[in-house]
Amino acid sequence: MSSEDTVVATPESIVENKPKRQPPYGVVLHNDEINTFEFVIETLRKVFGYELEKCFHLTQEAHEQGRCLVWSGTLEGAELKREQVISRGPDPVMKAKGALPLRVTLEEMPQ
């Protein structure tokens, strides 16, 4: 191989070839006035696998602040978690009073 055939990697070429990281996404639980605390806590435990105390604090924060970040990770993971929460449906105890599935949204998180 001659010196003309030599390829030198520069810092610029290394950076250009580096795949871009996807931003994390957050699953945000929104407060509602119909579903019970017990149902929300149970949903967080089943979907996210959190301890009872953490679920209580997250539920309380959503109630007091109007919303609460309950999970963050990849977009695909966040979409799955959102669907799992929604698929639990409304609180069966409060369905007759107009309860709907818990409202959860996804938000792109800062990197």
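The chain is annotated in an unreviewed UniProt entry as ATP-dependent Clp protease adapter protein ClpS of Bremerella alba.

A.B. asks: Is there a simple way to explain the sheet that holds strand β3 (residues 104-108) in this structure?
C.D. replies: Pairing is antiparallel across the open sheet formed by three strands, whose spatial order is β2-β1-β3. Of all strands in the sheet, those bounded by a partner on one side alone are β2 (67-73) and β3. Ignoring strand direction, the axes of neighbouring strands in this sheet form an average angle of 30°. One ladder, built from five bridges, connects strand β1 (residues 25-30) with β3; its direction is antiparallel. Opposite Tyr 25, over in β3, you have Glu 108 as the bridge partner.

A.B. asks: Just checking my understanding: could you explain the pairing of β1 for this structure?
C.D. replies: For a regular strand, side-chain orientation follows a simple rule: the groups alternate between the two sheet faces. Within β1, six of the six residues are buried, leaving the element largely enclosed by the surrounding structure. Relative to β2, β1 is paired through six bridges, and the arrangement is antiparallel. Paired with His 30 across the two strands is Arg 67, which belongs to β2.

A.B. asks: What am I meant to see in helix α4 (residues 75-87) here?
C.D. replies: Every α-helix winds through 3.6 residues per turn, so residues three or four apart in the chain are directed the same way. Its 13 residues give α4 an end-to-end C-alpha distance of 18 Å, which sits within 8% of 18 Å, the value for a rise of 1.5 Å per residue. Among all positions of α4, only Gly 77, Ala 78, Lys 81 and Val 85 are buried. Relative to the axis of α4, the buried residues are bounded by an arc of 100° and lie together on one face. Away from its buried face by more than 90 degrees, α4 exposes Glu 76 and Ser 87.

Cut-offs applied
- Residues numbered from 1 in each chain as written.
- Predicted model: local features only at pLDDT ≥ 70, side-chain atom pairs only at ≥ 80, totals over all residues.
- Heavy atoms only, no water.
- Pairing = 2+ DSSP bridges.
- Helix = DSSP H or I, 4+ residues; strand = E, 2+ residues; numbered from the N terminus.
- Axes fitted to C-alpha atoms, helices over the stretch in contact; angles between N-to-C directions.
- Buried < 20%, exposed > 50% of the residue type's maximum accessible area, 1.4 Å probe, protein only.
- Expected span 1.5 Å × (residues − 1).
- Arc of directions from axis to C-beta.

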